[in-house]
Amino acid sequence: MVEAMGRALSTSVRRHESLLILAGAAILLLATAVLPLVRLVTEIPDAIDGFALFRSGRAWRLLGRSILLSGATTMLALCIGVPLGLIVGRMDVPGRRALWLIHAFPMFLPPFLIALGWFHLLGQNGFLGSEESASVLFSAAGLVTILGLTFAPVVTSLVALGVRGIDVSLEEAARLVAGPGHVAFRILLPAVWPALALATTVVFTLTFSELGVPMFLRVEVFPAAVFARLGGVDYAPGEALALVLALLPMAVLLFLLERKFVSRRSFEVVGVRGTATTPLSLGRWRTPLAAAAWAVALASAAPIVVLFLRAGISSNGPFAFVDWVAGAPFNSLLAAVTAATLLALSGFVIGHGVARGSRFAAVLDALAVLAFVTPAAVLGVGLIGVWNRPQTGFVYGTAAILVVGYCARYALVAIRVVASAVSQMPVDLERAAAASGAGSGRRLLRIVLPLNARSVGFAWLLGMIFCLRDLETAVLFYPPGGEPLTVRIFTLEANGPEPVVAGLGVLHVGITAVVLVLGSAFIARCTRW
Amino acid sequence: MVAPAIELVDVHAGYCDHVVLSGLSLAIAEGESVVLLGPSGGGKSTVVRLVLGFLAPAKGRVAIGGQTVAADGRTLTPPEERNLAVVFQDLALWPHLTVHGNLAFVLESKGVPRADRERRIREALARVGLNDKERRYPGELSGGERQRVAISRALVQDPRAVLLDEPLSNLDAPRKRELMVMFRQLFEESHSTVLHVTHDLREAAALGDRIAILENGRIVQDGSFAALREQPATPFVSSLFEDLDALRGPP
């Protein structure tokens, strides 16, 4: 009898294995990303007094201004990124790989470090600075330019990946009858519109959530107003909640736009197809376009070089920052490695489910989208509401809260990377395993994981980088004495010695570069099947 | 009475609003080799997916060894519990596993003890003449060798039935002939029940005890090659033989 019951239970578990595995990943997503949003919705009645802010019209103006700035930044990033993506993806410019690398690297850094670099270049006392250049820098135009340049590599990279993945025969058929410009804009670009839609969503979302650059350049934006009411001189948590709740409809709108224009199409964008052919010849346009592309790439990298220079010019030597660093790099790495590992694991399970058409996984993917497009300030306030209580002090008072925040905000990154790779793996490989008697867990571990090891590694690396560069989520709830490096630099930026702040910035650049190099080397060692 | 090894009863199936099968019924006896022949896009692979368990019939019933495994939109027995083997058109050999690894994975999944596993792998590879290639990866083999690994992987697990989803369609004529002879011999030796789907009448003639013609989502004729040739039931069946005769040229 007991044996029969045991057998029945074992069969039942085996039959629901895929659901149980997905449920494990779902718990992580629900606990980190969904609970804070639910908590915010339940707090709407408590924020009634705070909504008085909106009567004055100032809050509305601030909201409108933030949307406009984000829109302008997105437009600038598209204007730079689309042609550059076509060039580095398919054109015969010299050194296009190096060009792509130099242009893309700033994308992996916190944007306020780039702003800091521009400050040391164009600020009043900067290397090339003057009063005029400083006044442009510390303005809305300066903000849009810096963020546009910082986020342009998102567009460049997605467009370049998109055009490299296009079926070669489409391009070759067009090349028989049209020049390279015509082929690029009439054939390649329309074929990568999912990449453009994805890039637009990502850049707008990142810009709207951006806190460090607007605060540094003293440009008033909505997330900064929330931050000021949570920890600054304007401390007023009720008003912060009201401001945050006003952003929820925007998060929902962005979510709906993502569902309509991107969603599963993003799989076509970040694919792993290698179809590189002979690059399109630019003919007489080659030299001027190559010069322009290299100028943009060098402009992207200029603030990093300036940071290095500024850190080196210190009366206490280039390592003066060491006394100021405390445990911040360790805090950053610990939280980022833990979060990236959880992101890669859950992303693998959910991403596989999404690629194979599981409805449960599709719902989880949608929730991850909602968490990603929700402004960081909104998610941060929700996380504080959920975890800031005596019973959960072991999370809120430790580095665990950083891990929770990172997992909430960046779950989508890992899910989409894995979903994209798995959707390009022949489903018959899994069907053959299932027909041979392998259950869901065995198929995932023995067939899907080895065949997608590179993509899972890439998801881990991307998750790690997103966590390392994060400021706007962590700054709202980092534990006492456990601040990550971004927060450390950001808090010193206002009053710390300039060479020290620049030195800490260089340290961050170094850590990011080492992580990227080691991560890429490890991924390259995973055999590509 | 012995229950058929595979049985589909009044099966209706499709994708979204597109109806692929409408009232298909087919029974395959133990040890019998049946070829399902039909035009491209006619639903042959849908039948394979239904039998394997990757699709449930919207209406109707699928039974294996007399036990209903799916009926009226519900999958009752998942693919991994049906004890079937399949060779897909693209073979679906796991590229990260060696030839030995491909066969071992199947036996491990079935819980076969290690010693027995090794013996069965050696025997299976010997039958297809590949025992010197067991440490090779699929990417290191020729097209014909990969076909032999695929059939070997299907047979090593001693399945209740083997399903072949056009595995010979991408081969040149001499290689195809060679493998058809090998397949026939292997299936006869192992007394396997086989459901082979194809659009090639010559392949059907070579490999099937019986040929079932799938047209407009149902079986329109079912019999031996000779019987079909003698009395084609529909213009499509007639056209198959006319094409074959045209290829052979005037007598």
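Residues numbered from 1 in each chain as written. Chains lettered and ligands numbered in written order. Predicted model: local features only at pLDDT ≥ 70, side-chain atom pairs only at ≥ 80, totals over all residues. Heavy atoms only, no water.

What follows deals with the overall build of chain B. Of regular secondary structure, chain B possesses eight helices and 11 strands. Over its C-alpha atoms chain B spans a radius of gyration of 18 Å, differing by no more than 12% from the 18 Å that the globule rule assigns to 251 residues. Oriented by its inertia axes, the alpha-carbon framework of chain B measures out at about 50 × 50 × 40 Å. Summarising the internal contacts of chain B: among those between residues at least 6 apart in sequence, 63% fall at separations of at least 24. (Helix = DSSP H or I, 4+ residues; strand = E, 2+ residues; numbered from the N terminus. Rg over C-alpha atoms; globule rule 2.2 N^0.38 Å. Contact = heavy atoms within 4.5 Å.)

Right, let's talk about the interface of chain B and chain A for a bit. Where interface size is given, it is often the accessible area lost as the parts come together that is meant. Contact with chain B, which involves 27 residues of that partner, is made by 23 residues of chain A. Three residues stand out in chain B for area buried against chain A, namely Glu80, His96 and Phe105 of chain B, and they jointly supply 30% of the buried area on that side. Counting across the interface, chain B meets chain A through three salt bridges. In this structure, Arg446 of chain A and Glu108 of chain B form a salt bridge, with 2.9 Å as the shortest nitrogen-oxygen distance. The interface formed by chain B and chain A holds seven residue pairs in polar contact (both at pLDDT 80 or more) in total. (Buried area = accessible area lost by both parts, 1.4 Å probe. Salt bridge = Lys/Arg side-chain N within 4 Å of Asp/Glu carboxyl O. Polar contact = N/O pair within 3.5 Å; in protein donor to acceptor, adjacent residues only side chain to side chain.)

Further remarks concern helix H22 (residues 427–435) of chain A. Most of H22 of chain A sits inside the fold, with eight of its nine residues counted as buried. Within H22 of chain A, burial applies to Asp428, Leu429, Glu430, Arg431, Ala432, Ala433, Ala434 and Ala435 of chain A. (Buried < 20%, exposed > 50% of the residue type's maximum accessible area, 1.4 Å probe, protein only.)

With that settled, the discussion passes to the sheet that holds strand E5 (residues 67–71) of chain B. Residue and element names in this part refer to chain B. Read from one edge to the other, the open sheet built from five strands follows the order E2-E1-E4-E5-E6, with strand pairing classed as antiparallel. Of all the strands in the sheet, just strand E2 (18–28) and strand E6 (74–75) have a single pairing partner and so form its edges. In this structure, strand E1 (residues 6–15) lies alongside strand E4 (residues 59–64), joined through five bridges in antiparallel fashion. Paired with Leu8 across the bridge in E4 is Val62. Packing of helix H1 (residues 44–52) onto the sheet brings it into contact with E1, E2 and E4, and relative to E1 it is tilted by some 115°. (Pairing = 2+ DSSP bridges. Axes fitted to C-alpha atoms, helices over the stretch in contact; angles between N-to-C directions.)

This part is about the domain arrangement of chain A. Residue and element names in this part refer to chain A. According to the domain assignment, chain A consists of domain 1 (17–44 + 314–529) and domain 2 (48–275 + 283–312). Here the C-alpha centre of domain 2 lies 21 Å away from the C-alpha centre of domain 1. Every contact between the two is made by 53 residues of domain 1 and, on the other side, 55 residues of domain 2. Summed over the shared surface of domain 1 and domain 2, the result is two salt bridges. Between Glu258 and Arg416 there is a salt bridge whose closest N-O contact spans 3.0 Å. Where domain 1 touches domain 2, the interface holds six residue pairs in polar contact (both at pLDDT 80 or more). (Domains from an automatic or database assignment.)

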